[in-house]
Amino acid sequence: PWPLFQALEQTRDFYRAAGYTGVMDEYLGRNLGTDIHLWLSLKLAWNSDLRVKNLLDEFYPTYYGAAAQDLRRVYERIENQMLSIGPVTTSMTNIPRLYPPELVDECLADLAQAKRKVAGDPRLVARVERDENCLKATRLWLRFWTILGEANRKLDRQARVKAAGACRAYLDFFNS
């Protein structure tokens, strides 16, 4: 998950102030936040006077329907957590700090509630499930990373076997 939408606005403002007329974002895969990030990027590129908060007020109800508030809460909680730890990098050692397991579980509960609200619309269910799957994969990765860290600290072969099993669970989910 990478829903740093406020940072996107700050970055775009900086680029404009420095004289840039365009920026091309790199995004790999389609995770929690990708659709919104790309939509915001295009909107901000088209009109530099737009603000992220106002755009999100438009995006959530349009894209998620009756689940809009639940999804907004999920995205904002993750973004606030990410911003609370200071400069965010993609270092693997940051992953548990970026996405504490308790936060991931709370967000998954919100997504389950959101999915019930849009159960009658397969298109909206698919959008919520995409975000849900990203967080499920994140939770499996966190489990693997935690077990591997313990195994490495203890130099325990059995713990490393357990870590390999946790890695396999993550990979199996990811590949499914």
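Residues numbered from 1 in each chain as written. Predicted model: local features only at pLDDT ≥ 70, side-chain atom pairs only at ≥ 80, totals over all residues. Heavy atoms only, no water.

*Asks:* Now, about the overall build of the protein: what can you tell me, with residues and values included?
*Replies:* Each helix and strand counted, the protein has eight helices and zero strands in total. Along the protein, helices (α) and strands (β) appear in the sequence α-α-α-α-α-α-α-α when read from the amino end. Taken along the three principal axes of its C-alpha coordinates, the protein extends 55 × 45 × 25 Å. A burial count over the protein gives 38% of its 176 residues as buried. For the protein, the share of sequence-separated contacts (at least 6 apart) that also reach a separation of at least 24 residues comes to 66%. Put simply, the protein shows about 10200 Å² of open surface, and 55% of that area lies on carbon and sulfur atoms. Distance between charge centres in the protein, computed from 25 positive and 22 negative side chains, equals 5 Å. (Helix = DSSP H or I, 4+ residues; strand = E, 2+ residues; numbered from the N terminus. Buried < 20%, exposed > 50% of the residue type's maximum accessible area, 1.4 Å probe, protein only. Contact = heavy atoms within 4.5 Å. Areas by Shrake-Rupley, 256 points an atom, 1.4 Å probe, with all protein chains shown as cover. Lys, Arg positive; Asp, Glu negative; His and termini not counted. Charge placed at Lys NZ, Arg CZ, Asp CG, Glu CD.)

*Asks:* Let's hear about the side chain of R12: which residues, and what values?
*Replies:* Structurally, R12 is set in helix α1 (residues 5-17). Classification of R12 as buried rests on a relative accessible area of 5%. Beyond its immediate chain neighbours, meaning those up to four positions away, R12 contacts V23, D25, S41, L44 and A45.

*Asks:* Provide a residue-level description of the pattern of salt bridges, including the pertinent values.
*Replies:* The tally for this structure, following the rule as stated, stands at 17 salt bridges. Where E106 meets R77, a salt bridge forms, and the shortest distance between an N and an O atom there is 2.6 Å. Of this pair, E106 sits in helix α6 (residues 101-117) while R77 sits in helix α4 (residues 68-84), and the two are 29 residues apart along the sequence. With relative accessibility at 41%, the residue E106 sits in the partly exposed group. What emerges from the salt-bridge pattern is a single network uniting D70, R73, R77, E106, D110 and K117. (Salt bridge = Lys/Arg side-chain N within 4 Å of Asp/Glu carboxyl O.)

*Asks:* Which residues make up the packing of α1 against helix α2 (residues 34-46), and what values go with them?
*Replies:* Where α1 meets α2, the axes come as close as 11 Å, and the angle between the chain directions of the two elements is 30°. When the axis of α1 is compared with that of α2, the two are roughly parallel. As for how α1 packs across α2, the hand of that crossing is right-handed. In this structure, α1 uses F5, L8, E9, R12 and R16 to contact α2, whose residues at the interface are I36, H37, L40, S41, L44 and A45. (Axes fitted to C-alpha atoms, helices over the stretch in contact; angles between N-to-C directions. Parallel < 35°, antiparallel > 145°, perpendicular 65-115°, else oblique. Left-handed = near helix turned anticlockwise from the far one by under 90°.)

*Asks:* Any details on a positive patch on the surface? Residues and values, ideally.
*Replies:* Together, R143, R153, K154 and K162 make up a positively charged patch on the protein surface. Top contributing element to the positive patch by residue count: helix α7 (residues 122-154), with three residues. Looking at the secondary structure, you find R143 in helix α7. In this structure R143 comes out as partly exposed when scored by relative accessible area, which is 43%. (Patch = residues over 30% accessible without salt bridge, like charges linked within 9 Å, V, L, I, M, F, W, Y side chains within 5 Å.)

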